[in-house]
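# Descriptive analysis of the structure
Here are the chains, one letter per residue:
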Amino acid sequence: MEYNFKEIEFKWQDYWKKNNTYLVLEDLNTPKFYALDMFPYPSGAGLHVGHPLGYIASDIFARYKKLKGFNVLHPMGYDSFGLPTEQYAIETGIHPSIATKKNIETYRKQLDRLGFSYDWSREIQTSDPNYYKWTQWIFKQLFNSFYCNIDDKAKHISELIKEFEINGNINTKASCDEKTPIFSSTDWIGFSEEEKENILQKYRLAFLSDTWVNWCEGLGTVLANDEIKDGLSERGGFVVEQKLMKQWLLRITAYSDRLLEGLKTIDWSDSIKEIQKNWIGKSDGTSIDFKIENTKNIIKVFTTRPDTIYGVNFLVLAPEHELVIEIVSADKKQEVNNYVNEVKLKSERDRQAGKHITGIFTGSYAVHPFTKDKVAIWISDYVLANYGTGAVMAVPCGDQRDWDFAKYFGINIINIFKDNDVNNGANTNKDNIITNSEFLNDLFVTDAINLAIKRIEDIGIGKRKTNYRLRDAVFSRQRYWGEPFPVYFKGDIPRLLEDNEYLELPPVDKYLPTNTGEPPLARAKKEDWNIFKGDRMENNVMPGWAGSSWYFLRYMDPKNELTFCSKEKSDYWGQVDLYIGGAEHSVGHLLYSRFWTKFLFDRGYISFDEPFKKLINQGMILGRSNLVYRIKNTNTFVTFEKIKDYDTTILHVDIDIVENDFLDIARFRKWRKEFNNAEFILNDQKKYLCGYETEKMSKSKYNVQTPDQLVEKFGADTLRLYEMFLGPLEQFKPWDTKGINGVHNFLRKFWRLVHDENNKFTVSENKPSHENLRTLHKTIKKVDEDISRFSFNTIVSTLMICINELLDQKCNNREVIKGFTILLSPYAPHIAEEIWNKLGNKESVFFSSFPEYKPEYLKQNKIDYPVSFNGKMRYKITLPATNSKKEIEAAVMQHEKTKHYLSNKSPKKIIIIPQRIVNIVF
RNA sequence: GCGGGUAUGGUGGAAUUGGUAGACACGCUAGACUUAGGAUCUAGUGCCGUGAGGCGUGGGGGUUCGACUCCCUUUACCCGCACCA
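Residues numbered from 1 in each chain as written. Chains lettered and ligands numbered in written order. Predicted model: local features only at pLDDT ≥ 70, side-chain atom pairs only at ≥ 80, totals over all residues.

Below, the discussion takes up the overall build of chain A. Tallying secondary structure elements over chain A gives 29 helices and 34 strands in all. Across its three principal directions, the C-alpha atoms of chain A cover 100 × 85 × 75 Å. Within chain A, the proportion of its 922 residues that are buried is 40%. Here the contacts in chain A between residues at least 6 apart in sequence split such that 69% fall between residues at least 24 apart. (Helix = DSSP H or I, 4+ residues; strand = E, 2+ residues; numbered from the N terminus. Buried ≥ 20, exposed ≤ 12 C-beta atoms within 10 Å, placed from the backbone. Contact = placed C-beta atoms within 7 Å.)

Attention shifts here to the domain arrangement of chain A. The domain boundaries assigned to chain A delineate domain 1 (139-262 + 472-537), domain 2 (284-467), domain 3 (621-695), domain 4 (710-857) and domain 5 (860-921). In this structure, domain 2 and domain 5 have C-alpha centres spaced 72 Å apart. (Domains from an automatic or database assignment.)

It is worth spelling out the pairing of strand 11 (residues 298-303) at this point. Here strand 10 (residues 282-292) pairs with strand 11 via 6 bridges, running antiparallel. Following the sheet pairing, T286 is matched in strand 11 by T303. Counted along the chain from strand 10 to the antiparallel partner strand 11, the turn is 5 residues long, and its residue N294 has a positive phi close to 60 degrees. (Pairing = 2+ DSSP bridges.)

The strands making up a sheet associate through backbone hydrogen bonding, with each pair oriented either parallel or antiparallel. Pairing is antiparallel in the open sheet, where 4 strands are placed in the order 6-5-9-17. If you trace the sheet from one side to the other, it starts and ends with strand 6 (221-223) and strand 17 (473-474), each paired once. One ladder, built from 10 bridges, connects strand 5 (residues 206-216) with strand 9 (residues 241-250); its direction is antiparallel. Paired with W212 across the two strands is L244, which belongs to strand 9.

RNA strand B sits among 61 residues. The nearest are S271, G388, G727, G742 and G871. For the surface near RNA strand B, the leading source of residues is helix 25 (residues 792-808), giving 6 residues. Its residues assigned to classes, the surface near RNA strand B comprises 18 nonpolar, 26 polar and 17 charged. (Near = placed C-beta within 6 Å. Nonpolar A, V, L, I, M, F, W, Y, C, P; charged D, E, K, R; others polar.)

This next bit is on the packing of helix 1 (residues 5-18) against helix 27 (residues 829-838). When two helices pack together, their arrangement is captured by the angle between the axes and the distance separating the axes. At their nearest, the axes of helix 1 and helix 27 sit 9 Å apart, and the two run at 85 degrees to each other. The angle between helix 1 and helix 27 falls in the class roughly perpendicular. The segment helix 1 lies against helix 27, with I8, E9 and W12 engaging H830, I831, E833 and E834. For the contact of helix 1 with helix 27, a count of residues per class yields 3 nonpolar, 1 polar and 3 charged. (Axes fitted to C-alpha atoms, helices over the stretch in contact; angles between N-to-C directions. Parallel < 35°, antiparallel > 145°, perpendicular 65-115°, else oblique.)

Let us now look at the nonpolar core. A57, L205 and A206 are the most contacted members of the largest nonpolar core, which has 157 residues in total. In terms of residue count, the dominant contributor to this core is helix 2 (residues 51-67) (9 residues). Residues from two domains meet in this core; each of domain 1 (139-262 + 472-537) and domain 4 (710-857) gives at least three. Excluding its chain neighbours within four sequence positions, the residues that come into contact with L205 are L142, S145, F146, Y147, A154, L250, R251, A254 and F599. Counting residues in hydrophobic clusters, the runner-up holds 50 residues, among them V312, L317, V336 and A366. (Core = buried A, V, L, I, M, F, W, Y, C linked by C-beta atoms within 7 Å.)

Spatially, the 4 strands line up as an open sheet ordered 2-1-21-22, and their pairing is parallel. Edge positions in the sheet fall to strand 2 (71-73) and strand 22 (615-618), since each has one partner strand and no second. In this sheet, neighbouring strand axes are inclined to one another by 20 degrees on average, regardless of whether the strands run parallel or antiparallel. Bridging between strand 1 (residues 32-37) and strand 21 (residues 578-582) involves 3 bridges; their strand directions are parallel.

On to helix 14 (residues 400-409), then. Every buried residue of helix 14 is accounted for by D402, W403, F405 and A406. Each buried residue of helix 14 sits inside an arc of 165 degrees when the element is viewed along its axis, so together they form one side. Note on helix 14: the residue one or two positions beyond its end, G410, has a positive phi of about 65 degrees. (Arc of directions from axis to C-beta.)

As for its placement among the helices and strands, G50 is situated in the loop between strand 1 and helix 2. Judged by the 21 C-beta atoms lying within 10 Å of it, G50 is buried. Along the sequence, G50 and V704 sit 654 residues apart, while their C-alpha atoms lie 9.6 Å from each other. Ignoring any residue separated from it by four or fewer positions in sequence, one finds G50 in contact with M620, I621 and M697.

Let us now look at the confidence of the model for chain A. When pLDDT is averaged along chain A, the result is 91; 99% of the residues meet or exceed 70. For this predicted complex, the interface score ipTM comes out at 0.94, while the overall pTM is 0.92. (pLDDT = per-residue confidence, 0-100.)

Two elements in contact, helix 22 (residues 716-725) and helix 25, have axes separated by 7 Å at closest approach and are oriented at 120 degrees. By the angle between their axes, helix 22 is oblique relative to helix 25. In contact with L721, M724 and F725 of helix 22, helix 25 contributes F792, N793 and V796. Here the contact of helix 22 with helix 25 is built from residues that sort into 5 nonpolar, 1 polar and no charged.

For the rest of this paragraph, the subject is the pairing of strand 12 (residues 314-317). Burial along strand 12 is two-sided: the face carrying F314 and V316 and the face carrying L315 and L317 are both buried. As judged from the 4 bridges shared by strand 12 and strand 14 (residues 374-379), these two strands associate in the parallel manner. Across the sheet, residue V316 finds its bridge partner in strand 14, namely W378. Pairing analysis gives 4 bridges linking strand 12 to strand 15 (residues 391-394), with the strands arranged antiparallel. Looking at the pairing, L317 lines up with A391 of strand 15.

Listed below in C-alpha cells is the structure:
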C-alpha cells in the first residue's frame with residue numbers, strides 16, 4: 001500500500017501523546033485564542049458522524065490560529081450528569097457513575113482516533129465531585145446575592161440586609177417577588193429569623209418558592225420550559241402537567257433586559273439571536289388598576305394598548321388567579337369551581353390543543369377607571385396565569401382573542417376606531433385613529449398610547465411597565481444523577497453549608513423516588529451524607545444545565561482547588577473566541593450560560609459579561625436510509641426500477657448490507673429471520689437496487705453511520721476532510737459516503753506527488769518556477785481568506801486544486817511542498833505530520849507557522865478577458881495586463897468573433913473594466 | 001398567525017464588494033493501461049438542438065451595460081415561538 005494511513009495515523013497519535021504536543025499553558029507574551037466545542041453528553045451509543053462535524057471545524061480553526069502565532073486553548077470534556085444514565089441505573093441498579101465512566105472511555109477512544117488537538121490535561125466532567133463542588137459554590141453565591149436595580153447588577157445580600165435595618169424596604173429598588181410586602185426598619189428588626197428569611201427569599205437570586213411548575217410524571221421530575229416540546233417532555237415524550245410545588249428557582253428575570261441588550265455585542269447568527277429575543281419576549285406597556293365593585297380589591301392588568309381603554313367592557317382573569325375565589329358571587333361559586341378544577345386537570349398539551357373557547361362569568365363587576373361603567377369579570381383559560389398579571393382588560397374591537405370571546409358569549413362590542421366595522425373581527429392596525437374615547441379622541445394610536453399612560457400615571461391607577469415572557473428558571477430536579485444542593489433545612493428555613501463545605505452524592509439503595517414521593521436522595525440516611533446538618537438535607541438535585549453553564553471557565557484553570565477559576569487565568573483567556581455546537585441548545589444552555597456569566601461578572605469574579613463572542617451552529621448531518629420494496633402480502637422484493645409495476649410496502653434496510661444502493665442479497669436473507677426465504681425481482685443487470693431517503697439518523701431507520709467504520713476504511717484524515725467537504729458548516733446536509741473516495745484520492749495524489757514508484761520519499765531541490773510559486777501563493781491566499789469566514793468546505797476544494805495543478809506542473813519542489821504541508825496540516829494533521837517529518841523537520845508541524853503570502857507571485861502580465869455581448873460571455877481574448885481601455889477596445893473590435901456576434905449591427909456602448917471584463921451592448 | 005432561514009446540473013456543492021454560472025468532488029459516457037486495483041491516465045458531461053444558435057440559479061416583475069448576488073411580489077420546504085394581553 002502506497003499511502004498507509006493506518007500506520008501513519010497511529011504513529012503520530014502516539015507521538016502527540018508521548019510528547020504532550022497539545023499541552024497549553026498561559027503565556028502573557030502571546031495573544032490568546034479560545035476555541036471551544038459544546039461538550040458532549042456521553043451516551044451509551046457513542047459518537048455518530050454528526051458529532052465530530054463541529055469538533056473537526058473547531059480543531060481546524062484552533063490549529064490554524066496556532067500556526068498564526070496564537071496561544072490556543074482548545075479543551076474537551078463531558079457533560080456527564082443526565083437522565084439517560086440515571087434511567088439505566090434505575091433499570092440495572094448499577095451506580096450511574098459506573099456507566100458514565102464506561103461511556104466516557106468509549107467517547108475518548110473515538111475522539112482520540114480522529115486526531116484532535118485537545119489539551120486533555122484540562123479535561124473536565126460535570127459529574128466529578130471536584131468539578132461540581134464549584135457548581136455548588138456558584139449556587140451559594142447566587143443564594144447570597146440580590147439584584148440591585150439602581151446599579152443594575154447583582155450584589156451581596158448583606159448590603160440588602162443593611163438597607164432593611166436602616167430603612168426597611170420602602171425605597172428598595174431590587175428585583176423581587178411581585179407580592180413582597182412593604183416593611184419599615186422597625187418591622188424588620190422585629191421580625192423573627194424565619195420571617196426575615198422568608199423576606200430575603202423574595203430577593204435572593206437563588207430562592208425557594210411555591211410555583212406552578214411543569215411536572216412530568218413519566219420522568220418523575222419537573223422540567224424547564226425549554227425542555228418541553230409541544231406540551232410533551234423533549235426527552236421521552238411524556239405528558240407534562242401544571243403542578244404547584246416548592247422549588248428552587250434562579251431569578252434570571254432580573255437579567256431580562258441585559259440578556260436582550262447583550263445580544264447586540266456578540267457575533268451569533270440572526271436566527272439564534274431571534275430565538276433568544278423571542279424567548280425573553282420584551283413588551284412595553286402599562287399596568288392599570290380596576291377596582292372591584294363593592295370591595296377593596298383591585299385587579300391589576302397589563303396592556304400594551306392603553307389607548308384602547310375606552311373599548312374595555314369586560315375583564316378576564318386566569319382561572320388560577322388568586323382573586324377568583326374572593327370575587328366569585330354566591331350563585332356562581334359552584335360553576336366557577338368546576339371550571340377551575342377542569343382547567344387544572346388539563347395537561348399543558350390539552351390546554352394548548354383545545355382551541356375552542358371556554359370561560360365563565362364570575363358574577364362580579366369591576367369599575368371602569370374613566371367611565372365608571374360596570375365591567376363584567378370573567379375567567380378563561382386563554383389568559384395565562386404566569387404572564388403579566390394573570391388578568392387582561394378585554395378590548396374586543398382591538399384584539400382578536402377578546403373579539404372571539406365576546407362573540408362566543410354574546411358580549412357587546414364597543415367600537416373606538418374611526419371608520420371601523422366591528423362585525424367582521426378585531427382591528428389590530430396601529431395606524432387607526434381613536435374615537436368614542438373622550439380625551440383620546442382623534443389621536444393616532446401611538447400618540448394615544450403615550451397620552452393614556454400619562455393620564456393613568458397622573459391619576460395614580462397604573463404605571464408604565466415592561467413585561468417579559470421569560471420566567472424565573474426552575475432549578476430543582478427530583479432526580480439522583482445531578483449536583484446536590486449545598487443546602488440543609490432547619491424547620492422550613494433553608495441554610496447554606498459553610499464556605500468550605502461541599503456535598504457529594506450519597507449512596508442510595510435505589511434510584512427511585514421514595515414511597516411517599518420524595519426524590520431519590522431522601523433515601524440516603526443521615527450517615528450516608530458526607531455532611532449532614534439541621535433537620536434534613538435538601539433532597540432535590542440541580543438540572544442538567546447547571547454544570548454546563550460555566551464549564552468554559554473551568555477549562556481555564558481545571559485543577560484549582562482554591563477557587564472555581566482564578567481571576568488571573570480568566571483574565572488571560574477571557575471570552576470564548578469561537579464556540580461551535582448544535583442549534584438545539586439555542587435557548588437553554590446558551591441563555592443560562594449568558595446569565596451565569598453576567599452574574600459572575602457582577603460579583604467581580606470574572607472580567608467579561610458575555611461568555612461566547614462568536615458562535616457557530618453546525619447543521620445536522622442527516623442519514624441516508626436505504627429502502628427495499630416488498631410486494632404486499634408476499635415475501636418478494638422488487639428492485640427500485642420496477643416498483644411502479646407492483647403494489648409494494650416500503651421497508652428500511654440496514655445500510656451495512658447495501659453497497660452503492662445495491663443490496664447484498666445473501667446478507668439480507670441472513671439479516672432477519674423473516675427474510676430467510678425472500679424472493680427478488682431484479683433489474684436488467686441482475687441486481688437489486690434499493691431506494692433511498694434522507695432523514696435524521698436513528699437506530700430504527702438502520703441509517704446510523706459511525707465514524708469508526710469510515711476511519712477504519714479511509715483513515716481519520718480522510719474523514720476530517722470529507723466532513724468539511726460536504727458543504728457549509730451551518731447547513732443541514734445528508735450524509736452520503738459515495739463522495740468520500742474523492743477526498744481520499746486527493747490525499748493519495750499528494751502522497752504520490754512526494755513518493756516515487758518504490759514509495760520512497762522524494763522531493764526536488766530545484767528552485768521552484770514562477771508557475772509553481774503562483775499555485776502555492778494563490779492557495780495560501782485563498783485558504784487564509786476562506787478560513788477567516790469559516791468556509792471550511794471551499795478550503796478543501798482549494799487544496800485539491802493546488803495538488804491538481806502541482807501534478808500538472810510535475811512539481812514536488814521542496815519549498816512548495818513545505819508550504820502546502822503546513823496549509824494542509826489543520827485539516828489532515830497525520831499525513832501532514834508524516835510528510836513534514838520526511839522533509840527533515842524535527843518538531844511537529846503544529847509548531848510551524850502559516851506560510852506568508854507574497855502578492856508578487858500572483859501578478860500576471862497577461863489577462864484573459866471575457867468578452868460579453870449584451871451581458872452574455874461569448875469568447876475570451878488574452879491581452880497584456882498593462883493595456884489601456886482604448887487598446888482593449890481596439891483589440892476586441894478587431895477580433896473576428898466580434899463581427900460574428902454583432903452580426904452587422906453596430907455597438908451602442910462598450911463597457912470595459914480593466915483587468916476584469918468587456919461588455920459590448922448592441 | 002408571528003419571527004428567522006433555505007431554494008443553483010443526475011448528486012454534494014462553488015461563485016468573497018453586482019462582472020466568465022455550475023469551481024471542486026461524486027456519478028455517468030467513451031477510450032487507454034494493467035502484475036484485475038475500492039488503482040491510474042486521457043477525453044467528455046447544465047438543458048434543448050445535427051448545427052448555427054437558443055434556454056438556464058423555485059415562479060413572476062423591476063433596477064442595471066451586466067443580477068445566483070440588489071429591490072418588489074409569490075410559491076415550497078426547514079427551524080423557533082404561538083392564546084404573551
